[in-house]
Amino acid sequence: MPPSNKRTLIMAAAEKLFTSRRFHEITLDDIAREAHVGKGTIYTHFRDKNDLFFQVTTSGLDDLCDLLRLRVSSAAPFAQQLQEACGEVCSFFAKRRELFRMIQSEEARMAFNHGELRERWMHRRLNLVEAMADVLRRGVSTGLVRADITAEFQAELLLGMLRAVTRSAGNGIVDPQRYSLMLDVFINGAGLGPTGGPEATTGVLVE
């Protein structure tokens, strides 16, 4: 079997185990058995269990950043750009929701016992924040997004809202109504205007 195929088998086996049990309950022997490879083969591709954990949890994250930068049309109206960007992120989070739950549950362990692993994860995460911030800067330049708040901070808020709306996604499918409401709250806010309706502070409503 080509080395690349064995690496894929190992990562698939690791993801299955990491999302079914806690990190400390899983051994490389368990992963080797699940992947039907020798334990030594794992060390050919990964430094240790922590490195394998990191590779599994961040797989696809770089691809997502590339999608945001390449597939979101800068020539389209900002509302469409935001819809496209959020759609890509929402789909990614929904499909990998079990992994993100695992990361959240293991976050304290990663920070306390494996600072280097945590730093590597945060570096990858910041790449995603920056990719989303690039989209929001286009809204700032056209006067549709607030310029008094950094695009990076707004991107952090938006990504947090996208994670929240995908937590309850079944079969990787996000409720369209919840998704649209989330975008409306992000753009127009949750406050009530003088007429009792949403107070549009940015001048754009994403439908």
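Up top is the structure these notes are about.
Residues numbered from 1 in each chain as written. Predicted model: local features only at pLDDT ≥ 70, side-chain atom pairs only at ≥ 80, totals over all residues. Heavy atoms only, no water.

1. What to know about the overall build of the chain
Then comes step 1: Within the chain, the secondary structure is distributed over ten helices and zero strands.
Then comes step 2: Start at the N end of the chain and walk to the C end: the helices and strands fall as α-α-α-α-α-α-α-α-α-α.
Then comes step 3: In the chain, which comprises 207 residues, the proportion classed as buried is 42%.
Then comes step 4: The long-range share in the chain, meaning contacts at least 24 apart out of those at least 6 apart in sequence, stands at 63%.
Then comes step 5: Here the chain displays about 10900 Å² of accessible surface, and carbon together with sulfur accounts for 54% of that area. (Helix = DSSP H or I, 4+ residues; strand = E, 2+ residues; numbered from the N terminus. Buried < 20%, exposed > 50% of the residue type's maximum accessible area, 1.4 Å probe, protein only. Contact = heavy atoms within 4.5 Å. Areas by Shrake-Rupley, 256 points an atom, 1.4 Å probe, with all protein chains shown as cover.)

2. Here we look at the packing of helix H5 (residues 61-70) against helix H6 (residues 78-95)
Then comes step 1: The interhelical angle for the contact between H5 and H6, taken along N-to-C directions, is 165 degrees, at an axis separation of 10 Å. It follows that H5 is roughly antiparallel to H6 by the angle criterion. Both H5 and H6 take part in a crossing whose hand is right-handed. On H6, the residues that touch Leu61, Leu64, Leu67 and Leu68 of H5 are Ala85, Glu88, Val89 and Phe92.
Then comes step 2: Classifying every residue of the contact of H5 with H6 by side-chain character gives seven nonpolar, no polar and one charged. (Axes fitted to C-alpha atoms, helices over the stretch in contact; angles between N-to-C directions. Parallel < 35°, antiparallel > 145°, perpendicular 65-115°, else oblique. Left-handed = near helix turned anticlockwise from the far one by under 90°. Nonpolar A, V, L, I, M, F, W, Y, C, P; charged D, E, K, R; others polar.)

3. Details of the nonpolar core
Then comes step 1: Residues Phe18, Ile31, Ile42, Leu52 and Leu162 are the most contacted members of the largest nonpolar core, which totals 60 residues.
Then comes step 2: Those residues in contact with phenylalanine 18, other than ones at most four positions away along the chain, are Phe23, Ile26, Ile31, Lys49, Leu52, Phe53 and Met102. (Core = buried A, V, L, I, M, F, W, Y, C linked by side-chain atoms within 4.5 Å.)

4. Here's the deal with the pattern of salt bridges
Then comes step 1: Enumeration according to the criterion identifies eleven salt bridges in this entry.
Then comes step 2: Put simply, Arg69, Glu130, Asp134, Arg137 and Glu152 are held in one network by salt bridges that share partners. (Salt bridge = Lys/Arg side-chain N within 4 Å of Asp/Glu carboxyl O.)

5. Quick look at empty space enclosed by the protein
Then comes step 1: Going through the model one piece at a time under the given rule, you end up with two cavities of 30 Å³ or more.
Then comes step 2: Within this model, the second largest cavity holds a volume of roughly 40 Å³.
Then comes step 3: Lining the second largest cavity are Leu61, Phe93, Phe100, Trp121, Arg125, Leu128 and Arg163.
Then comes step 4: Sorting elements by how many residues they give to the lining of the second largest cavity places helix H8 (residues 115-141) first, with three residues.
Then comes step 5: Residue composition of the lining of the second largest cavity, grouped by class: five nonpolar, no polar and two charged. (1 Å grid on protein atoms, 1.4 Å probe; cavity = no way out; pocket = protein on both sides within 12 Å on 5 of 7 lines; lining within 4 Å. Points joined across faces, edges and corners; volume = space filled by probe spheres on them.)

6. Comments concerning the side chain of arginine 163
Then comes step 1: Residue placement: arginine 163 occurs in helix H9 (residues 151-166).
Then comes step 2: Despite its burial, arginine 163 remains without a salt bridge, the nearest opposite charge being carried by glutamate 156 at 5.7 Å.
Then comes step 3: Every residue in contact with arginine 163, bar those within four places of it in the chain, is listed here: Phe93 and Arg125. (Lys, Arg positive; Asp, Glu negative; His and termini not counted.)

7. A word on the side chain of aspartate 30
Then comes step 1: Along the chain, aspartate 30 turns up in helix H2 (residues 28-35).
Then comes step 2: Using a relative accessible area of 17% as the deciding quantity, one classes aspartate 30 as buried.
Then comes step 3: A distance of 3.2 Å separates the side chain of aspartate 30 from the side chain of arginine 21, its partner in a polar contact.
Then comes step 4: Apart from the residues lying within four places of it in its own chain, the contact partners of aspartate 30 are Leu17, Arg21 and Glu25. (Polar contact = N/O pair within 3.5 Å; in protein donor to acceptor, adjacent residues only side chain to side chain.)

8. Let's talk about the packing of aromatic side chains
Then comes step 1: For the structure shown, the criterion picks out four aromatic pairs.
Then comes step 2: Considering the side-chain rings of phenylalanine 18 and phenylalanine 53, the 5.5 Å spacing of their centres and the 80 degrees angle between planes classify their relative orientation as edge-to-face. With a gap of 35 residues between them, phenylalanine 18 in helix H1 (residues 3-18) and phenylalanine 53 in helix H4 (residues 49-58) connect regions that are remote in the sequence. Of the two residues examined, phenylalanine 18 and phenylalanine 53, each falls in the buried class.
Then comes step 3: Ring centres of phenylalanine 23 and phenylalanine 53 lie 5.2 Å apart, and the angle between their planes is 85 degrees; on these two criteria the pair is classed as edge-to-face. Taken together, the positions of phenylalanine 23 in the loop between H1 and H2 and phenylalanine 53 in helix H4 put the pair 30 residues apart, joining distant regions of the chain. (Phe/Tyr/Trp six-rings, centres within 6.5 Å; stacked < 30°, edge-to-face > 60°.)

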